[in-house]
Amino acid sequence: MLQRPKRLQVAALCYRECDDGREVLLVTSRDSGRWILPKGWPIRGLSSAQAAKQEAWEEAGVSKGALADTAIGSYTYDKTLRGGLPVPVETHVYPLEVTNLKKDFPEAHQRKRKWVSTADAAGLVDESELKSILRDW
């Protein structure tokens, strides 16, 4: 049986340190409204980590933060493209410690966002490999 090659996406694991521990910033997807990390396709001229940071700005309003150059893991999922055909995607996850969050950002009217503990984040996302990344991190 033929298998389609996986496409690549990059995600920002936006976080902050609090008195009660580390919190993760989740956003809703535009189509289904499920909780996800800000993510998207690679951007020409940017490293994968820089592209993840750009997605964090566009989808979550993260305007400043300390970005890790190395992914802490990856997860796979099937993304349904415009034609309705699911495509396997491998998503590399880059930690981004948030130091500034803006109220007005490009997709502010299309998404919700919220800070949650890493344990709660693992319970809210759908992808089992991403759940593991959040629990282990």
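Refer to the structure above for everything that follows.
Residues numbered from 1 in each chain as written. Predicted model: local features only at pLDDT ≥ 70, side-chain atom pairs only at ≥ 80, totals over all residues. Heavy atoms only, no water.

Engineer: Could you give me a rundown of the overall build of the chain, with the residues and numbers involved?
Structural biologist: In terms of regular secondary structure, the chain is built from 3 helices and 8 strands. In the chain, the succession of helices and strands from N to C terminus is β-β-β-β-α-β-β-β-β-α-α. In summary, the chain has a C-alpha radius of gyration of 14 Å against a globular reference of 14 Å for 137 residues, a match within 12%. With the principal axes as the frame, the chain shows a C-alpha extent of 50 × 30 × 30 Å. Counting every position in the chain, which comprises 137 residues, the buried fraction comes to 39%. As presented, the chain carries roughly 7,900 Å² of accessible surface, and 45% of it is formed by carbon and sulfur atoms. Looking at the chain, you have 21 positive and 19 negative side-chain charges, and the mean spots of the two groups are 6 Å apart. (Helix = DSSP H or I, 4+ residues; strand = E, 2+ residues; numbered from the N terminus. Rg over C-alpha atoms; globule rule 2.2 N^0.38 Å. Buried < 20%, exposed > 50% of the residue type's maximum accessible area, 1.4 Å probe, protein only. Areas by Shrake-Rupley, 256 points an atom, 1.4 Å probe, with all protein chains shown as cover. Lys, Arg positive; Asp, Glu negative; His and termini not counted. Charge placed at Lys NZ, Arg CZ, Asp CG, Glu CD.)

Engineer: Describe the state of the cysteines, naming the residues involved and giving the relevant values.
Structural biologist: The tally for this structure, following the rule as stated, stands at 0 disulfides. Not engaged in a disulfide, the cysteine Cys14 finds its nearest cysteine sulfur in Cys18; these two sulfurs lie 14 Å apart. Look at Cys14 and you get buried, because its relative accessible area is 0%. On the basis of relative accessible area, Cys18 is assigned to the partly exposed category, the value being 29%. (Disulfide = S-S within 2.5 Å.)

Engineer: I'd like a description of the nonpolar core, backed by residues and values.
Structural biologist: Generally speaking, a soluble globular protein has its nonpolar side chains buried in company with each other. Grouped together as the largest cluster of nonpolar side chains are 17 residues, with contacts concentrated most on Val24, Leu26, Leu37, Val93, Leu130 and Leu134. Looking at this core element by element, the count peaks at 3 residues for helix H3 (residues 128-136). Judged by nonpolar contacts, the second largest core, of 16 residues, contains Ile36, Ala49, Ala60 and Val98. (Core = buried A, V, L, I, M, F, W, Y, C linked by side-chain atoms within 4.5 Å.)

Engineer: For the side chain of Glu127, give the residues involved together with the corresponding values.
Structural biologist: Structurally, Glu127 is set in the loop between helix H2 (118-124) and H3. On the basis of relative accessibility, which here comes to 8%, the residue Glu127 falls in the buried class.

Engineer: Explain the environment of Val10 residue by residue, including any values.
Structural biologist: Within the secondary structure, Val10 is located in strand E1 (residues 7-18). Counting along the chain gives 103 residues from Val10 to Arg113, while the straight-line C-alpha distance between them is 18 Å. If we ignore the near neighbours within four places in the chain, the residues touching Val10 are Pro38, Lys39, Gly40, Trp41, Ser48, Ala51, Ala52, Thr91, His92 and Tyr94. (Contact = heavy atoms within 4.5 Å.)

Engineer: So what's going on with the packing of aromatic side chains? Residues and values would help.
Structural biologist: Under the defined criterion, the tally for this structure stands at 2 aromatic pairs. Residues Tyr15 and Trp137 carry aromatic rings whose centres are separated by 4.9 Å and whose planes lie at 80° to one another, so their mutual orientation is edge-to-face. Linking Tyr15 in strand E1 with Trp137 in the segment after H3, this pair joins segments that are 122 residues apart in sequence. For Arg22, the ring lying beneath its charged end belongs to Trp137, and the centroid distance is 3.9 Å. (Phe/Tyr/Trp six-rings, centres within 6.5 Å; stacked < 30°, edge-to-face > 60°. Lys NZ or Arg CZ within 6 Å of the ring centre and 35° of its normal.)

Interpretation in functional terms is not warranted from these geometric data alone.
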